[in-house]
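# Report on the structure
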Amino acid sequence: MPSKLPVGILGATGIVGQRFIQALEHHPWFEVAWLAASDRSEGKPYAEAARWRLKTAIPDRVAKMTVSPASPNGAPKIIFAALDAAIARELEPQFADAGCALVSNSSALRMQSDVPLVIPEVNGDHIALIDHQTWRKNSRGFAVTNPNCSAIGLVMALAPIHQAFELDAVLAVTMQAVSGAGYPGVASLDILGNVIPFIKNEEEKMEEETRKLLGQLNGSKVIPGPFAMSAQCNRVAVEDGHTESISIRLKKKAKPEEIIEAWNTYRAEPQELKLPSAPERPVIYLDAADRPQPRFDVDMGAGMTTAVGRLRPCGVLDWKFTVLSHNTIRGAAGAAVLNAELLKAKGYLG
Ligand SMILES: NC(=O)c1ccc[n+]([C@@H]2O[C@H](COP(=O)([O-])OP(=O)(O)OC[C@H]3O[C@@H](n4cnc5c(N)ncnc54)[C@H](OP(=O)(O)O)[C@@H]3O)[C@@H](O)[C@H]2O)c1
């Protein structure tokens, strides 16, 4: 069997870092060879540095690995990054500069015009922006990002409809899980029995990222999707899974059964290429009147499938429906691993 590609995880001890370790434990192409986090964790065995918060055990081999400093010296050439945006803004370019393929989760580089913001099912062609990056020209390094955890579920649900009927306007109201705030995240006294109608910078990210993801690649830049978009974001006392109430107006007339068929038959490059983390069905429409719900539906397709339900006419725009997506799998680590698989399939990982 050919040997696996060694990969590193920046921010390995956090909520998303842990999901990376889980997603890569039995990966057929990649093997975790390096872990890095802050000064607090540096030099410690991973099992001691991380407050492991997942239901599966820490893989034995990873538990014993020593956490390295967050510097490109000695790091492998493929890096998954799960750092806070402020730290990512300083550290991520250093890795791309040093010749690494940087596959990032944070918002630091997402809206930079030469950095692809990618969902492989939706806009895998945007990966070609890599060839315009200065890092690529200087050191062969580059950066690719995945979207914010609320934007990704929304765009997975919008893409099949946009393809067939063209979006004109989108209104999104989110109910976002506490795991989206990292660990320890929101204080229990703030969130238990409560809803917090504010998540810093989240609405702006959803609005601009949705239009970049559904935009057209034009040479060295992306022309944003030509539709109006407004988001309102709320934090709710749910562990995992962001639920969203969406209303849309379309440029072409659509029947409800045509919209449902567009979701249920949606397949794209990751499914054709059989990428290891690609779900068989990227979007599934649930017929029951009271679904999707995070408690029952968040793990569909091993957390990589977006569940949609409750399609009905909207009294203000054309249609409304509910979307559910796993925020730390499809919304973070799973999204980045799928991006890396697409990069490998397209020959960008050497
Ligand atoms: N949670 C989600 O659902 C989600 C979804 C999509 C995207 N994201 C994004 O992913 C990133 C990570 O989120 P998270 O939820 O995993 O956060 P988190 O649980 O707070 O983890 C943060 C990680 O960054 C490390 N870190 C902090 N300061 C550092 C420094 N100065 N140098 C190097 N490493 C440092 C921490 O290491 P120590 O343990 O040593 O402090 C930890 O490993 C954020 O940009 C977030 O916006 C999160």
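Here is a short report on the structure shown in this document. (Residues numbered from 1 in each chain as written. Predicted model: local features only at pLDDT ≥ 70, side-chain atom pairs only at ≥ 80, totals over all residues. Heavy atoms only, no water.)

### Describing the nonpolar core
Quick note on the threshold: For our purposes a nonpolar core is just a set of buried Ala, Val, Leu, Ile, Met, Phe, Trp, Tyr and Cys residues, chained together by side-chain atoms within 4.5 Å. Classification of residues uses two cut-offs on accessible area relative to the type maximum, computed with a 1.4 Å probe and protein chains only: under 20% is buried, over 50% is exposed, and between them is partly exposed. Runs of E in the DSSP output that reach at least two residues are strands. Runs of H or I that reach at least four are helices, and both are numbered from the N terminus.
Leu35, Tyr46, Phe80 and Leu343 are the most contacted members of the largest nonpolar core, which totals 43 residues. Sort the elements by how many residues they give to this core and helix H13 (residues 329-345) lands first, with eight residues. Counting residues in each nonpolar core, the second largest holds 37 residues, with Ala157, Ala159, Val283 and Tyr285 among its members.

### Describing the packing of helix H7 (residues 149-165) against helix H9 (residues 202-213)
Defined as follows: For helices, the axis comes from a line fit to the C-alpha atoms of the stretch in contact; other axes are also lines fit to C-alpha atoms, and the angle between any two N-to-C directions lies between 0 and 180 degrees. What makes a crossing left-handed is the near helix being turned counterclockwise from the far one by less than a right angle; a clockwise turn instead makes it right-handed. Here, residues are in contact when the closest pair of their heavy atoms is within 4.5 Å. Polar here means any residue outside two lists: the nonpolar Ala, Val, Leu, Ile, Met, Phe, Trp, Tyr, Cys and Pro, and the charged Asp, Glu, Lys and Arg; Gly therefore counts as polar.
Packing of H7 against H9 leaves a shortest axis separation of 9 Å and a crossing angle of 40 degrees. For the pair H7 and H9, the crossing hand works out as right-handed. Between H7 and H9, the residues in contact are Cys149, Ser150, Ala151, Leu154, Val155 and Leu158 and Glu202, Met206, Glu209, Thr210 and Leu213, respectively. A class-by-class count of the residues in the contact of H7 with H9 yields seven nonpolar, two polar and two charged.

### So, the site of the ligand
Heads up, the condition is: In this text, near means that some heavy atom of the residue lies within 4 Å of the molecule or strand in question. In protein, a polar contact means a hydrogen-donor-capable atom and an acceptor-capable atom, both N or O and within 3.5 Å, with residues adjacent in sequence counting only if both atoms are side-chain atoms; elsewhere, any N or O pair within 3.5 Å suffices. Accessible surface area values rest on a Shrake-Rupley calculation with a 1.4 Å probe, where residue burial reflects the displayed protein chains alone.
The environment of the ligand is made up of 28 residues, and the closest members are Thr13, Ser38, Arg40, Ser41 and Leu83. Within the backbone of Leu83, an N or O atom sits 2.6 Å from an oxygen atom of the ligand. Ser179 is positioned with one of its backbone polar atoms (N or O) 3.0 Å from a nitrogen atom of the ligand. If the ligand stood free it would expose 910 Å²; the protein chains cover 82% of that surface.

### Thoughts on the packing of helix H1 (residues 15-24) against H13
This is how it is decided: Roughly parallel here means an angle under 35 degrees, roughly antiparallel means over 145, roughly perpendicular means 65 to 115, and every remaining angle is called oblique.
Across the interface, H1 lies against H13 with an axial gap of 9 Å and an inter-helix angle of 50 degrees. For the element pair H1 / H13, the angle class is oblique. For the element pair H1 and H13, the recorded crossing hand is right-handed. When H1 is examined against H13, the residues Val16, Arg19, Phe20, Ala23 and Leu24 are found in contact with a partner set consisting of Ile329, Ala332, Ala333, Ala336 and Val337. Broken down by class, the residue content of the contact of H1 with H13 amounts to nine nonpolar, no polar and one charged.

### Some thoughts on the pattern of salt bridges
As a reminder of what qualifies: When a carboxyl oxygen of Asp or Glu lies within 4 Å of a side-chain nitrogen of Lys or Arg, that pair is called a salt bridge.
By the definition in use, this model includes seven salt bridges. Ionic pairing is found between Glu209 and Arg110, a salt bridge with its closest N-O pair at 2.8 Å. With a gap of 99 residues between them, Glu209 in helix H9 and Arg110 in the loop between strand E4 (101-104) and helix H5 (120-123) connect regions that are remote in the sequence. For Glu121, the salt bridge goes to Arg330, with nearest N and O atoms at 2.7 Å.

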